[in-house]
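# Tertiary structure, described
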Amino acid sequence: ARLNFIFCTPRDPFENAVDTLVSALSTDIEWFREHTRIASLARRWVVENQPGRLLLRGQDIADGENWRDAHPFDAPAVTAVQARFISESRRAAARRQRRWIFGALGVATLTAALSIFAYFQSVEADRQRGVAVVNAEEAALQKGVALRQRDQALITQSLFLADLSAQRLEAGDDGDALALALSALPEAPSMNGRPLTPEALAALRDTRLRYRVISRFPA
């Protein structure tokens, strides 16, 4: 801010002037400037009741510690407030790092738990799909068994009706014989209903021959 002079005139002791010049040239002016800066920051921190937001952060903490440890022999001492300010800045950074680590561990733990839960959910879904497939196959099998049992019952009924038709025909009751023969046949051309049996066809043929009627019947 101002010019500084070291006087070395006939009125001034030469040795004193040279000593003052040597001292000035050897002074670490950057250290002094940092001393002033940190003193100002520490003073504000104390005045405002030591809030964490006013502490040093990041690289400033390491720079402050390096400044503190590089104290020149002829420089003013690091004050207790400055030392506490730097130390508390380091402790606050360590606390933040621990919180970050614990937070990261918590997130990792939660992620792992969700992954395990999702895995077991997937396994359960696969098991349920397997059960559904087995149930579907069992239902199809039961349906096939039921259809075969129904067809067998209808075939038995057709054989019984064809036999009755033959008996009525033999007894001369041609109308009942024809009705019984027709009842033994499938109700539609589709094979989804009563199965067609040779006995039913034979009963129908016999009654048609008796009636001598020519008509067209589904195969």
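A few points on the structure. For clarity, every value in this text was computed on a predicted model and none was experimentally measured.

## Thoughts on the overall build of the protein chain
- A tally of regular secondary structure across the protein chain gives six helices and zero strands.
- Walking the protein chain from its N terminus toward its C terminus, one meets helices and strands in the order α-α-α-α-α-α.
- For a compact globule of 219 residues, the expected C-alpha radius of gyration is about 17 Å, and the protein chain comes in at 55 Å, more than 25% above that figure.
- Within the protein chain, the fraction of its 219 residues that count as buried is 21%.
- Within the protein chain, residue pairs in contact and separated by at least 24 positions form 58% of the contacts whose partners lie at least 6 positions apart.
- Summed over its atoms, the accessible surface of the protein chain is roughly 16000 Å², and 60% of this surface lies on carbon and sulfur atoms.
- Where the 28 positive side-chain charges of the protein chain centre and where its 26 negative ones centre are 5 Å apart.

## What to know about the pattern of salt bridges
- The final tally for this structure, using the stated rule, is eleven salt bridges.
- A salt bridge links Arg 44 to Glu 48; the nearest nitrogen and oxygen atoms lie 3.2 Å apart.
- On the basis of relative accessible area, Glu 48 is assigned to the partly exposed category, the value being 33%.
- The salt bridge partner of Asp 126 is Arg 129, with a shortest N-O separation of 1.9 Å. With Asp 126 and Arg 129 both in helix H4 (residues 80-170), this residue pair falls three residues apart, about one helical turn.
- Relative accessible area serves as the criterion here: at 40%, Asp 126 is assigned to the partly exposed category.
- The network of salt bridges with shared partners includes Arg 44, Glu 48 and Arg 53.

## Thoughts on the nonpolar core
- Counting 14 residues, the largest nonpolar core has Ile 38, Trp 45, Leu 55, Leu 56, Trp 67, Phe 85 and Ile 86 as its most contacted members.
- Of all the secondary-structure elements, those providing two or more residues to this core are helix H2 (29-47), helix H3 (59-69) and H4.
- Setting aside its immediate chain neighbours within four residues, Trp 45 contacts Gln 50, Pro 51, Leu 54, Leu 55, Arg 84, Phe 85 and Glu 88.
- Leu 161, Ala 162, Leu 180 and Ala 200 belong to the second largest nonpolar core, which has nine residues in total.

## Overview of H4
- Taking 1.5 Å as the rise per residue, H4 with 91 residues should run 135 Å; its terminal C-alpha atoms sit 132 Å apart, in good agreement.
- Following H4 by one or two positions, Gly 172 has its phi on the positive side, about 90°.

## Considering unusual backbone geometry
- Its identity as a non-glycine residue notwithstanding, Asn 49 has a phi of 70°, on the positive side.
- Mapped onto the fold, Asn 49 is located in the loop between H2 and H3.
- If you check the backbone angles, Gln 50 has positive phi at about 55° while not being a glycine.
- Counting through the fold element by element, Gln 50 comes out in the loop between H2 and H3.
- A relative accessible area of 39% means that Gln 50 is categorised as partly exposed.

Basis of the calculations
- Residues numbered from 1 in each chain as written.
- Predicted model: local features only at pLDDT ≥ 70, side-chain atom pairs only at ≥ 80, totals over all residues.
- Heavy atoms only, no water.
- Helix = DSSP H or I, 4+ residues; strand = E, 2+ residues; numbered from the N terminus.
- Rg over C-alpha atoms; globule rule 2.2 N^0.38 Å.
- Buried < 20%, exposed > 50% of the residue type's maximum accessible area, 1.4 Å probe, protein only.
- Contact = heavy atoms within 4.5 Å.
- Areas by Shrake-Rupley, 256 points an atom, 1.4 Å probe, with all protein chains shown as cover.
- Lys, Arg positive; Asp, Glu negative; His and termini not counted.
- Charge placed at Lys NZ, Arg CZ, Asp CG, Glu CD.
- Salt bridge = Lys/Arg side-chain N within 4 Å of Asp/Glu carboxyl O.
- Core = buried A, V, L, I, M, F, W, Y, C linked by side-chain atoms within 4.5 Å.
- Expected span 1.5 Å × (residues − 1).

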